[in-house]
Amino acid sequence: MSIPRPIRKAVFPVAGMGTRFLPATKSIPKEMLPIVDQPLIQYAVEEALEAGLETLIFITSGRKHTISDHFDSDFELETKLTHSGKTDLLGRIKDIVPDRVDRVYVTQTEALGLGHAILCAESVIGNEPFAILLADDMVKNDGPGALSQMIGVYEQTGSSVIGVEEVPPERTSSYGIVGVQEDEAGHKSVQTMVEKPRPEDAPSNLGVIGRYVLDGSVFRYLRTIGKGSGGEIQLTDGIAAMLQDHPVLALPLEGERYDCGSRHGFIEATIKYAMDHDDIRDDMLDHMAGLLESHGRI
Ligand code: G1P
């Protein structure tokens, strides 16, 4: 195997309507909702930076500028924090994205689906391999982040890699589901991929979570597949079409996954991430113990 080309670019689709969080998401993308004190998109960006990526491509809907505002420097705020001696906070807002990292914003003019959003990045990526992160899926791991784990497998094998986890069989219709076969090296080689199948049609209970490392040839397939599940151009269908001439592996990710696109997953993540903050952990635990007691759970 020749040495795989490095993964340098990450795509963050952030143009979705976020209807499950309305009215909170009426004027801001759901990716700007905060878990404790930083927005979902910033956790995803940190995961990409940890994995060594150098170009961040945000696929936005034209009317929302909050994502680019968040990643731009804010001279007025920095000056204010400097004058008030709030150096910790100053450090936190200045270090959001290091200067060496490029940010590119591409507007998705029509909401035609996740596959279409990814296709909008083609002119920036060309035919290089690249990563995709859906910021509303969070994977919390003490060791390497989800994307680092996947890039490790990509570097060993040269194959595209999709992050997966086992989902309850009755929930297959909320996920892309892969059918896999174990190869000689013990990797799960993807044989089929279906977007949101009914449980009786699902090839397995391995659900795709929002992390992908893909060969650039996926664009060729995304251009031609047409509409799929929900009347949208689905990334899953583009990858399924690519399987005919490009190997794809499914990697069960180490760590706890939170579906922050749902209200209960979002709140679970908030509580879990709050435990990392020394200044609020004990108060939170006391509060939760009180809640459990008053609800007759302990
Ligand atoms: C998208 C993908 C789906 C994947 C899911 C993970 O669906 O289309 O294949 O399993 O993200 O969160 P969505 O949740 O945007 O409907």
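This text follows the structure it describes.
About the criteria used
Residues numbered from 1 in each chain as written. Predicted model: local features only at pLDDT ≥ 70, side-chain atom pairs only at ≥ 80, totals over all residues. Heavy atoms only, no water. Buried < 20%, exposed > 50% of the residue type's maximum accessible area, 1.4 Å probe, protein only. Helix = DSSP H or I, 4+ residues; strand = E, 2+ residues; numbered from the N terminus. Pairing = 2+ DSSP bridges. Near = heavy atom within 4 Å. Polar contact = N/O pair within 3.5 Å; in protein donor to acceptor, adjacent residues only side chain to side chain. Areas by Shrake-Rupley, 256 points an atom, 1.4 Å probe, with all protein chains shown as cover.

Participant: Which parts of the structure should I look at to understand the pairing of strand β6 (residues 130-133)?
Facilitator: Two faces make up the sheet, and in a regular strand the side chains alternate between them. On β6, burial covers both faces: F130 and I132 on one face and A131 and L133 on the other are all buried. Bridge count between strand β1 (residues 9-13) and β6: two bridges; the pairing is parallel. In the strand pairing of β6, A10 is matched with A131. Pairing geometry for β6 and strand β11 (residues 206-214), over four bridges, is antiparallel. Across the sheet, I132 pairs through a bridge with Y212, a residue of β11.

Participant: How do you make sense of the site of the ligand when you look at a structure like this?
Facilitator: In the region of the ligand, 13 residues are neighbours, and D137, G176, E195, K196 and V208 sit closest. Between the ligand and G176, the relevant distance is 2.9 Å, taken from an oxygen atom to a main-chain nitrogen or oxygen of the residue. Within the side chain of E195, a nitrogen or oxygen atom sits 2.7 Å from an oxygen atom of the ligand. Calculation on the ligand without its partners gives an accessible area of 380 Å², and the protein chains cover 78% of this total.

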